[in-house]
Amino acid sequence: MKDRHMQEQPNRVPQATQDGDIRDDWSWVEASVWTDRMLATLVNGVKGGKWYSLWDKVWRMETLLQAFHQVASNNGSPGVDHQTIAMFDKNLHMNLANLSQSLREGTYRPQSVKRVWIDKPGSKQKRPLGIPTVRDRIVQTALRMVIEPIYEHDFSDRSYGFRPGRGCKDALREVQRLLDDGYVWVLDADLKSYFDTIDQDRLLELVGAKVTDGGILQLLQDYLNQTVMDGLEEWQPESGTPQGAVISPLLANIFLNPLDHLMDDQGFAMIRYADDFVILCRSEDEAQDAHRRIASWTTAVGLILHPEKTHIVDARQKGGFDFLGYHFESGKRVPSKKSMRKFKDTIRQKTKRTNGHSMEFIIYDVNRTVRGWFEYFKHSRWWTFDTLDKWIRMRLRSILRRRLGKRGRGRGIDHIMWRNSFFVNLGLFSMFTARKLACQSAKR
């Protein structure tokens, strides 16, 4: 079934190289942790296929310091101990020294994860967000820095989520390429509550297949046993990866890596981003075969294919499928309905008619959202941006109407009072104009 693939993707990870070239190929790896000699061993194959002695690299002060800088750059909220990044930074050397000592002596234990509930964009529902303490995020980051290259070396080229040098746009480009090459029958799969249903014992077995260092495995076990604090209630999940943990995306990729290679070995073109994946096929029969194999594998490892959200579609026909925020249908690529709702909800919050800011500030604030959204969705059809530009200007005209004591949304004579050029002069970013310029540049 290997002939299903039209052309091989370039290898992301080098198989063998001279020592002098290794650092270039692994530029994302923390140099203070992974020496050139270690990288050479990784690339050329460690004796016995397993890494035995890594624990000392986790608790080293230099590793923890680099981990702190990464955590600080994300500027997250405090956990159950109420300690902020700034508070930890005030006595940084002492705090890191204490953390290093507790790890080295085996007395370190992760604290509970604070659960908060945040609004779910485009919905009235809320979703849980886990916030570990600053100290736990530092240790998790140090742990990831030490073990990630070992597993990254063997990850499939069909996996794009939470990986160095890869991202959503890479996955979307590959999906589009496959569609253009005739892979139009699509298995659009959804794993139900994936991060909460990962079998922890199986996960530890997969981790232990490459890393046998007792300190590393015990630390991972401690994180899997981490309790959750929801208000005044504390409880311990029996399955899944720890909420909000820095290490969770890597663990999730490790768990699904066997599926990536299974599908690849059987010739299926699967594109996966974390737990979101599609399999593109040349025929309906092939897609049905992929569905059966995926269902068999997920059942065997304790995962659940969502019965209502997993389906097979012909991407040439009405209906299509969603993937990573885009909707693919009948040869067209546009933002999904969910993406549109999320975008409009954000703009609505910034353009309330009772907004007390100046129009210049409102446009500046709107632009921050619009520019980023356009950069991601700029490959959509042109009418998407023309329609949204008009809608945003309507929202702004409605604010100006309100300030004149009028009710309702911007319409009619408002288009004469505040022409499009009025907003252009105030610096409003036009997605339609930006796309037109991008197309002209591409043609040249």
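Residues numbered from 1 in each chain as written. Predicted model: local features only at pLDDT ≥ 70, side-chain atom pairs only at ≥ 80, totals over all residues. Heavy atoms only, no water.

### Points about the overall build of the protein
Moving on, step 1. Each helix and strand in the protein was counted, giving 19 helices and 11 strands.
Moving on, step 2. By element, 49% of the accessible surface of the protein is carried by carbon and sulfur atoms, the whole surface being about 22400 Å².
Moving on, step 3. Across the protein, the centroid of the 68 positively charged side chains sits 12 Å from that of the 55 negatively charged ones. (Helix = DSSP H or I, 4+ residues; strand = E, 2+ residues; numbered from the N terminus. Areas by Shrake-Rupley, 256 points an atom, 1.4 Å probe, with all protein chains shown as cover. Lys, Arg positive; Asp, Glu negative; His and termini not counted. Charge placed at Lys NZ, Arg CZ, Asp CG, Glu CD.)

### Here we look at the confidence of the model for the protein
Moving on, step 1. Chain-level pLDDT for the protein is 91 on average; 93% of the residues reach the 70-or-more range.
Moving on, step 2. Least confident of the elements in the protein is helix H1 (residues 19–25), whose mean pLDDT is 72; most confident is helix H6 (residues 92–105), at 98. (pLDDT = per-residue confidence, 0-100.)

### Description of the side chain of serine 102
Moving on, step 1. Assignment of secondary structure puts serine 102 in helix H6.
Moving on, step 2. Setting aside its immediate chain neighbours within four residues, serine 102 contacts Thr107 and Tyr108. (Contact = heavy atoms within 4.5 Å.)

### Description of unusual backbone geometry
Moving on, step 1. Here the phi dihedral of phenylalanine 162 falls at roughly 55 degrees; this positive angle occurs in a residue that is not glycine.
Moving on, step 2. Examined against the element boundaries, phenylalanine 162 turns out to sit in the loop between helix H7 (134–152) and helix H8 (168–180).
Moving on, step 3. You can call phenylalanine 162 partly exposed: its relative accessible area is 45%.
Moving on, step 4. Positive phi outside glycine occurs at serine 193, with the angle close to 50 degrees.
Moving on, step 5. Counting through the fold element by element, serine 193 comes out in the loop between strand S3 (185–190) and helix H9 (194–197). (Buried < 20%, exposed > 50% of the residue type's maximum accessible area, 1.4 Å probe, protein only.)

### Here we look at a nonpolar patch on the surface
Moving on, step 1. A grouping of Leu404, Ile413, Ile416 and Met417 is seen on the molecular surface, where their side chains present a nonpolar patch of about 390 Å² in accessible area.
Moving on, step 2. As for its position among the elements, isoleucine 416 is in helix H17 (residues 414–417).
Moving on, step 3. For isoleucine 416, a relative accessible area of 53% puts it in the exposed group. (Patch = residues over 30% accessible without salt bridge, like charges linked within 9 Å, V, L, I, M, F, W, Y side chains within 5 Å. Salt bridge = Lys/Arg side-chain N within 4 Å of Asp/Glu carboxyl O.)

### Overview of the sheet that holds strand S7 (residues 276–281)
Moving on, step 1. Across the sheet, which stays open at both edges, the four strands sit in the order S6-S7-S3-S8 with antiparallel pairing between neighbours. At either end of the open sheet lies a strand with only one pairing partner, and these are strand S6 (269–273) and strand S8 (311–314). Strand-to-strand twist of the sheet, defined as the mean angle between neighbouring strand axes without regard to direction, takes the value 20 degrees.
Moving on, step 2. Lying on the sheet, H8 is in contact with S3, S6 and S7; it crosses S6 at an angle near 160 degrees. (Pairing = 2+ DSSP bridges. Axes fitted to C-alpha atoms, helices over the stretch in contact; angles between N-to-C directions.)

### Overview of the pattern of salt bridges
Moving on, step 1. Applying the stated criterion across every chain yields a total of 21 salt bridges.
Moving on, step 2. Connected through salt bridges with shared partners, the residues Arg158, Glu174, Arg177 and Asp181 form a single ionic network.

### Points about helix H10 (residues 200–208)
Moving on, step 1. Of all the positions in H10, only Gln200, Leu203, Leu204, Val207 and Gly208 are classed as buried. Buried positions in H10, seen along its axis, are confined to an arc of 135 degrees and lie on one side of it. Projecting away from the buried face of H10 at angles above 90 degrees are the exposed residues Asp201 and Glu205.
Moving on, step 2. In this structure, the buried residues of H10 make contact with H7, helix H11 (214–224) and helix H12 (248–265).
Moving on, step 3. Residue aspartate 199 occupies the N-cap position of H10, its side-chain oxygen lying 3.0 Å from the main-chain nitrogen of aspartate 201. (Arc of directions from axis to C-beta. Polar contact = N/O pair within 3.5 Å; in protein donor to acceptor, adjacent residues only side chain to side chain.)

### Quick notes on the packing of H7 against H11
Two quantities define a packed helix pair, namely the angle between the helix axes and the distance between the axes.
Moving on, step 1. In contact at an axis separation of 12 Å, H7 and H11 are set at 135 degrees when each is read in the N-to-C sense. Classified by the interaxial angle, the pair formed by H7 and H11 is oblique. With respect to the hand of their crossing, H7 and H11 are arranged in left-handed fashion. Contacts between H7 and H11 involve Asp136, Val139, Gln140, Leu143 and Ile147 from the first element and Ile216, Leu219, Leu220 and Tyr223 from the second. (Parallel < 35°, antiparallel > 145°, perpendicular 65-115°, else oblique. Left-handed = near helix turned anticlockwise from the far one by under 90°.)

### Observations concerning the pairing of S6
Moving on, step 1. By the criterion of burial, S6 is predominantly enclosed, with five of the five residues buried.
Moving on, step 2. Across the two faces of S6 the burial is the same, with Ala269, Ile271 and Tyr273 and Met270 and Arg272 all buried.
Moving on, step 3. Two strands pair when backbone bridges link them, and S6 and S7 are joined in this way by five bridges, in the antiparallel orientation. If you follow tyrosine 273 over to S7, its bridge partner there is aspartate 276.
Moving on, step 4. Here S6 folds back onto S7 in antiparallel fashion, the turn holding two residues, of which alanine 274 has a positive phi close to 60 degrees.

### A word on the sheet that holds strand S9 (residues 321–323)
Moving on, step 1. If you walk across this open sheet you meet the three strands as S9-S10-S11, and the pairing is antiparallel. The open sheet has two edge strands with one neighbour each: S9 and strand S11 (332–335). Taking each pair of neighbouring strands and ignoring which way they run, the sheet shows an average axis angle of 30 degrees.
Moving on, step 2. By the bridge criterion, three bridges tie S9 to strand S10 (residues 326–329) in an arrangement that is antiparallel. Note on S10: the bridge partner recorded for phenylalanine 321 is phenylalanine 328.

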